[in-house]
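Fold and geometry: a report
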Amino acid sequence: MVRNSNSERGENTTARLEPDTHAPVVLFEERLDCRLTTGKIPDISVHVTCRDKTAVTCDVRAIGSQELVLIAPNHAGTLAARDLVTFSISEDGSLLLTNQSGIAHWTRPEGDKNIVALFSGSRLDRLLDHGLLHERRADVRYPVNLQAVLIADHFYQDARIVNYSLHGLCLVSATDLELNRHYQTDVFCEEGSLRLSATPQWTRRITGGHLIGCALTPQYGMLLTCRHKALSAGLNGDDSNGS
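Every value quoted in this text rests on a predicted model; they were computed, and no experiment measured them.

Section: the overall build of the protein
- Tallying secondary structure elements over the protein gives 3 helices and 13 strands in all.
- Counting across all 243 residues of the protein, residues that qualify as buried make up 50%.
- If you take every contact in the protein between residues at least 6 apart in sequence, the share linking residues at least 24 apart comes to 60%.

What about the confidence of the model for the protein?
- Looking at the protein as a whole, the pLDDT averages 79, with 75% of positions reaching at least 70.
- Residue range residues 1-14 is modelled with pLDDT below 50. Its contacts to residues more than four positions away, or to other chains, number 33 contacts.
- For residues 228-243, every residue scores under 50 in pLDDT, and the model assigns this stretch 41 contacts once sequence neighbours within four places are set aside.

Some remarks on the packing of aromatic side chains
- Taken as a whole and assessed by the stated rule, the structure comprises 4 aromatic pairs.
- Taking the centre distance of 5.9 Å and the plane angle of 50° together, the rings of tryptophan 106 and tyrosine 142 count as tilted. Of this pair, tryptophan 106 sits in strand 6 (residues 94-110) while tyrosine 142 sits in strand 8 (residues 142-152), and the two are 36 residues apart along the sequence. For the residue pair tryptophan 106 and tyrosine 142, the accessibility class agrees, reading buried in each case.

Here's the deal with the environment of arginine 51
- Tracing the backbone through its elements, the reader meets arginine 51 in the loop between strand 2 (44-50) and strand 3 (55-63).
- Since its relative accessible area comes to 48%, arginine 51 is described here as partly exposed.
- Note: C-alpha distance between arginine 51 and aspartate 83 (32 residues apart in sequence) is 6.6 Å.

Details of the pairing of strand 12 (residues 192-206)
- The pairing of strand 11 (residues 183-189) with strand 12 spans 7 bridges and is antiparallel. Note that in strand 12 the partner of cysteine 189 across the bridge is glycine 192.
- Pairing between strand 12 and strand 13 (residues 209-216): 8 bridges, direction antiparallel. By the bridge assignment for strand 13, tryptophan 202 is matched with glycine 213.
- Between strand 12 and strand 13, which pair antiparallel one after the other, the connecting turn spans 2 residues, and glycine 208 there sits at a positive phi close to 80°.

Let's talk about unusual backbone geometry
- Although it is not a glycine, aspartate 43 adopts a positive phi angle of roughly 70°.
- Examined against the element boundaries, aspartate 43 turns out to sit in the loop between helix 1 (6-9) and strand 2.
- For aspartate 153, which is not glycine, the phi dihedral falls at a positive 55°.

Looking at the nonpolar core
- Tyr142, Ile161, Tyr164, Leu171 and Val187 are the most contacted members of the largest nonpolar core, which has 36 residues in total.
- In terms of residue count, strand 8 provides more of this core than any other element does, 6 residues in total.
- If sequence neighbours within four positions are ignored, isoleucine 161 has contacts with Val144, Asn145, Leu146, Ala148, Leu169, Cys170, Leu171 and Val187.
- If you look at the next biggest cluster of nonpolar residues, it comprises 23 residues, including Val48, Val60, Ile63 and Ala104.

Re the pattern of salt bridges
- Tallying each qualifying case throughout the model produces 9 salt bridges.
- Two residues, aspartate 33 and arginine 141, come together in a salt bridge whose shortest N-O distance is 3.6 Å. Of this pair, aspartate 33 sits in the loop between helix 1 and strand 2 while arginine 141 sits in the loop between strand 7 (113-120) and strand 8; the two residues are 108 residues apart in sequence, bridging distant segments of the chain.
- Beyond isolated ion pairs, a larger network of salt bridges with shared partners links Asp33, Arg35 and Arg141.

A closer look at the sheet that holds strand 2
- What the 6 strands build is a closed barrel, ordered 2-3-4-7-6-5; its pairing is antiparallel. Taken over all neighbouring pairs, the strand axes of this sheet differ in orientation by 45° on average, direction set aside.
- As paired strands, strand 5 (residues 83-91) and strand 6 are joined by 8 bridges and run antiparallel to one another. Its bridge partner lying in strand 6, threonine 86 is registered against serine 101.

What counts, and where the lines are drawn
- Residues numbered from 1 in each chain as written.
- Predicted model: local features only at pLDDT ≥ 70, side-chain atom pairs only at ≥ 80, totals over all residues.
- Heavy atoms only, no water.
- Helix = DSSP H or I, 4+ residues; strand = E, 2+ residues; numbered from the N terminus.
- Buried < 20%, exposed > 50% of the residue type's maximum accessible area, 1.4 Å probe, protein only.
- Contact = heavy atoms within 4.5 Å.
- pLDDT = per-residue confidence, 0-100.
- Phe/Tyr/Trp six-rings, centres within 6.5 Å; stacked < 30°, edge-to-face > 60°.
- Pairing = 2+ DSSP bridges.
- Core = buried A, V, L, I, M, F, W, Y, C linked by side-chain atoms within 4.5 Å.
- Salt bridge = Lys/Arg side-chain N within 4 Å of Asp/Glu carboxyl O.
- Axes fitted to C-alpha atoms, helices over the stretch in contact; angles between N-to-C directions.

Now the structure itself:
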């Protein structure tokens, strides 16, 4: 649903909007990125220490430029989403990397294990042997279901975010969006709204609307994950775009 202009609504352009609950439903079924569902890097392990000092050793499903997909033991209370952690990476018991910071941002049960994704506070592709990094697109896509409102000048569009990565997101919308235009994007999470800036890079027609891939200002994927700026303050983040 395209909303009226601010001048017609008599609203301040800086005010955060609420999603339109009467907006038409756009049908789209998200497929999981295969790097979340299959595979294991042989001989590599990651030792994670959580904020509560709980320690856990995990196998590794994928390593990206600034992220890890881990196969973790199913211990209650370990590696909860949004938990700040430190981690080290070993190969056959020999340390490759130690004392790195990160945040656990996505989890999924898999049998007696949990698949846990971490965003790293530093660029792993600059610290590790390139052979360990997956060769596909740098960023893994993580499924999510979040309501959002996109705003540009006097244009308002309700949308649903269906996946995110460190440097981008994908959303569904009843109306198409202009490519390479910056849209102020209010995202509605459990803890409240969050304001990002998204730039559509491609669109595809789907049932009842459009699937739209957007680039985020570097590190906004981290901010979306954290849900609040304060949680990302402990990361020694790098603002370069690794996508």
